[in-house]
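Residues per chain, in single letters:
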Amino acid sequence: MTDLNLSKGGAPHQTAKGDDDTMTTAQGAPVADDQNWLKSGPRGPSLLEDQIAREKIFHFDHERIPERVVHARGYGVHGHFELKEAIPELSRAKIFNEVGKKVPTFTRFSTVAGNKGSPDLARDVRGFATKFYTEEGNWDLVGNNIPVFFIQDAIKFPDLIHAAKPAPDRGFPQAQTAHDNFWDFISLSPESMNMVMWIMSDRTIPRSFRFMEGFGVHSFRLVNAEGKSHYVKFHWKPKQGLQSVVWNEALKVNGMDPDFHRRDMWDSIDAGDFPQWDLGIQVFDDEFADKFDFDILDATKIIPEEEVPVRIIGTLTLDANVDNFFAETEQVAFCTQNVVPGIDFTNDPLLQGRNFSYLDTQLKRLGGPNFTHIPINAPKCPVRHYQQDGHMAMTNPKGRVNYEPNSWDHGEGPRENPQKGFTSYPEPVEGVKERVRSETFADHYSQARQFYISQTPNEQDHMASALTFELSKVERMDIRQRMVGHLRNIDEGLAQEVADGIGLPELPEKVLAARKPIMDLKESPALSIIKNGPSSFKGRKLGIYIAEGGDADLVAALKEAAEAVGAMVAIVAPHVAGAKLSDGKMMEADEKIDGGPSVVFDAVALVMSEASAKKLALNKPSLDFVSDAFAHLKFIGYDPAVKPLLEGAGVASRMDDGFIKLGSKADAKSFLKSCGDLRFWNREAKMNG
Ligand code: HDE
């Protein structure tokens, strides 16, 4: 039964049951017919008079607002921050001093380069911006999933972004850096070399937003009640552990499910599996800053965690999806200048420029100065001031006084409060007015090398492949050569591998370094993803490919074992209606094989009869399911009956310890345990060799 009523002319009519569900115009007038424009007779011309249709179309015509100039594609989630350890000795901010109090938050994850409709798994930096609605006003920590940045001075940001985005003449490529303009700019900007190592690593192809770290990037200040300041770098550590995909998988995911990351976030929150991050701080003082090898104001440098440990002080839990994507995710306006008393800026020239840019861009994007009235941006503490009017003013100030000092409302109206109010840290400042880059920013290669040597061999291979892939898309030989010339300052082995990969007959000259690189910085294990993975399959997704005659007990055991470790399960079958298993019962599928490829799962299991496996060995999506899972180093659980499918996919003779035989339902548990390693990395060298 449908509740669809068709009128004489065939137009549908679903009528209201009462007042509560009566449709109205934006002015609140009840609407009698939402299917037909007012006409002069049934076949007559439409009448301009129809105020209801005109209002509806007018609003539709203006539905889009300018997309963000960078970070256009993003996904927002509500949550809360809970302080675990108070730090009054460091900061007077209440958010850092009331242990156990839950401060509401809104976090938006994003890619940087692509347009709003670009695929989620583009190789790109991810934004990780959090708005804390504290009782002392909003604090925005607008960070990335990479702790360093491309450039040292904000004045270069438009150039960087122009070079990364589609070329102005042809309007492509979309959401990728594998093109001449990007590498031209990068190869002419030695300061970006540390960031280049990070973006060519698997950090830029995360498996999920849930499995990424976040970083405030800049050195900020924490200031305590006595006015004493410490420097701080903010870190988000995912409790879920780190995980990325492999490049070939990313390419396929983008085709199969361009919404992969947002869907993953939505699904896990919807399922009650709330991702969490610990907030960590690296705290240091001027004495450390003076003796550190690099300038702490230079955003192209990290402070290794092994040198200044990350102290965990609280936890962010993301526990609610948005009600409305536009109202919340699209309209949220982060501004780096939003800080609360007890948190302050430093002179990092990138941060200083950002403090101008974010406020400025919101004016264009949201259309006026009152974007703080939009619910997602409005502080959740009292707001009192004499700012007024402007486009879309949503508050309704009363009375005759709109200035201060005044004689009307003393004792009631807002007045400055030297004790509670924000005071800037009185850092002494003097100097010659000049456009200059500090000499202390001149080291461009040392930390790039440190990042590279801190990776596992698999990760190093991925970096060489990524550089080779990207530079192979660069048409100009001089740009390719220049890049390899930079790599020689980082690691000769890497430079050689890339040079071979792109077919350079000989290694180009090293690019002249502004300062001699430090070649013996210690490895920092914290920089590797694989060294910081999870120890279980919790929060990951198992795809079970079933077909006619599959062992029903085994499927049930796999589901149970996966759920026991906190993993999600999806049943994939040749038809979405499912398959009849060995118990004669029909098991419904979540996905038809064409829409449920192995690339969207972290591990797969194959459960079907030999006859089904033979049949499916002729089916391309089924073969891809297996051969991709193999190529992407996934753990593959298999019922021995599926041999014909393994043979068809060309993996039967290449089976390794990443294949786990599911001889009986008892094997399900140990399979899920193995899956906790996420990928069978040993396979990779054999694949390439
Ligand atoms: Fe941004 N950046 N940025 N950025 N950025 C924007 O602000 C800018 C930088 C970051 O989910 C814009 O509201 C300049 C570093 C995130 O809404 C814009 C410079 C880091 C987001 C802007 C930087 C970031 C943005 C575009 C160089 C990591 C998305 C729309 C000085 C620490 C926030 C908007 C969201 C967005 C400017 C560099 C992170 C134009 C000038 C470094 C996560 O204002």
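Cut-offs used in this document
Residues numbered from 1 in each chain as written. Predicted model: local features only at pLDDT ≥ 70, side-chain atom pairs only at ≥ 80, totals over all residues. Heavy atoms only, no water. Axes fitted to C-alpha atoms, helices over the stretch in contact; angles between N-to-C directions. Helix = DSSP H or I, 4+ residues; strand = E, 2+ residues; numbered from the N terminus. Parallel < 35°, antiparallel > 145°, perpendicular 65-115°, else oblique. Contact = heavy atoms within 4.5 Å. Nonpolar A, V, L, I, M, F, W, Y, C, P; charged D, E, K, R; others polar. Buried < 20%, exposed > 50% of the residue type's maximum accessible area, 1.4 Å probe, protein only. Polar contact = N/O pair within 3.5 Å; in protein donor to acceptor, adjacent residues only side chain to side chain. Near = heavy atom within 4 Å. Donors = N, O, S within 2.8 Å, 3.2 Å for Na, K, Ca; no water. Pairing = 2+ DSSP bridges. Patch = residues over 30% accessible without salt bridge, like charges linked within 9 Å, V, L, I, M, F, W, Y side chains within 5 Å. Areas by Shrake-Rupley, 256 points an atom, 1.4 Å probe, with all protein chains shown as cover. Salt bridge = Lys/Arg side-chain N within 4 Å of Asp/Glu carboxyl O. Lys, Arg positive; Asp, Glu negative; His and termini not counted. Charge placed at Lys NZ, Arg CZ, Asp CG, Glu CD. Core = buried A, V, L, I, M, F, W, Y, C linked by side-chain atoms within 4.5 Å. Domains from an automatic or database assignment.

Undergrad: Tell me what's going on with the packing of helix α12 (residues 477-490) against helix α13 (residues 492-501), and back it up with residues and numbers.
TA: Running from amino to carboxyl end, α12 crosses α13 at an angle of 155°, the nearest separation of the two axes being 6 Å. Compared by their axis directions, α12 and α13 come out roughly antiparallel. Within the contact between the two elements, α12 uses Val484, Leu487, Arg488 and Ile490 and α13 uses Glu492, Leu494, Ala495, Val498 and Ala499. Considering only residue class, the contact of α12 with α13 consists of 7 nonpolar, no polar and 2 charged.

Undergrad: Give a description of the side chain of Ser110 that names residues and reports values.
TA: Examined against the element boundaries, Ser110 turns out to sit in strand β4 (residues 102-111). Residue Ser110 is classed as buried on the basis of its relative accessible area of 3%. Reaching out from Ser110, the side chain makes a polar contact with the side chain of His71 at a distance of 2.8 Å. Aside from chain neighbours lying at most four places away, what touches Ser110 is His71, Arg73, Gly74, Val125, Arg126 and Gly127.

Undergrad: How would you summarise the site of the ligand if you had to cite specific residues and measurements?
TA: Among the 22 residues in the neighbourhood of the ligand, the closest are listed as Arg68, Arg108, Arg354, Tyr358 and Gln362. Going through the elements one at a time, β5 (126-134), β6 (137-144) and α9 (349-366) are the ones with two or more residues in the shell around the ligand. With 6 residues, α9 is the largest single contributor of residues to the shell around the ligand. Here the shell around the ligand is built from residues that sort into 11 nonpolar, 8 polar and 3 charged.

Undergrad: Give me the lowdown on the coordination of the iron atom of the ligand, citing residues and values where you can.
TA: Donor atoms from the protein around the iron atom of the ligand number only one, Tyr358 (OH), found at 1.8 Å. Its location among the elements puts Tyr358 in helix α9.

Undergrad: So what's going on with the pairing of strand β10 (residues 276-284)? Residues and values would help.
TA: With 7 of 9 residues buried, β10 lies mostly within the body of the structure. As paired elements, strand β9 (residues 229-238) and β10 share 8 bridges and run antiparallel to each other. Bridge pairing links Phe234 to Ile281 in β10. Taken together, the 6 bridges between β10 and strand β11 (residues 311-321) define a ladder with antiparallel strand orientation. Opposite Asp278, over in β11, you have Thr315 as the bridge partner.

Undergrad: Quick one: what's the story with the sheet that holds strand β20 (residues 659-661), residue by residue and with numbers?
TA: The 6 strands lie next to each other as β17-β14-β13-β18-β19-β20, forming an open sheet whose pairing is parallel. Looking at strand neighbours, the two that pair on one side only are β17 (591-592) and β20, the edges of this open sheet.

Undergrad: Please set out a negative patch on the surface residue by residue, giving values where relevant.
TA: Residues Asp285, Asp286, Glu287 and Asp290 make up a contiguous surface patch of negative charge. Within the element layout of this structure, Asp290 appears in helix α7 (residues 286-291).

Undergrad: Break down the nonpolar core for me, with residues and values.
TA: Phe150, Trp183, Ile186, Val196, Met197, Leu467 and Leu487 are the most contacted members of the largest nonpolar core, which has 50 residues in total. For this core, the elements supplying multiple residues, two or more each, are α2 (157-164), α3 (180-187), α4 (193-199), α10 (446-453), α11 (457-472), α12 and α13. Summarising the domain contributions, this core has at least three residues from each of domain 1 (68-153 + 202-363) and domain 2 (442-530). Sequence-distant contacts of Leu467, that is, excluding residues within four places in its chain, are made with Trp183, Val196, Met197, Met200, Leu487, Leu494 and Val498. Within the second largest apolar cluster, 34 residues are counted, among which are Val77, Phe132, Phe209 and Ile269.

Worth remembering: the numbers are spatial, not functional.
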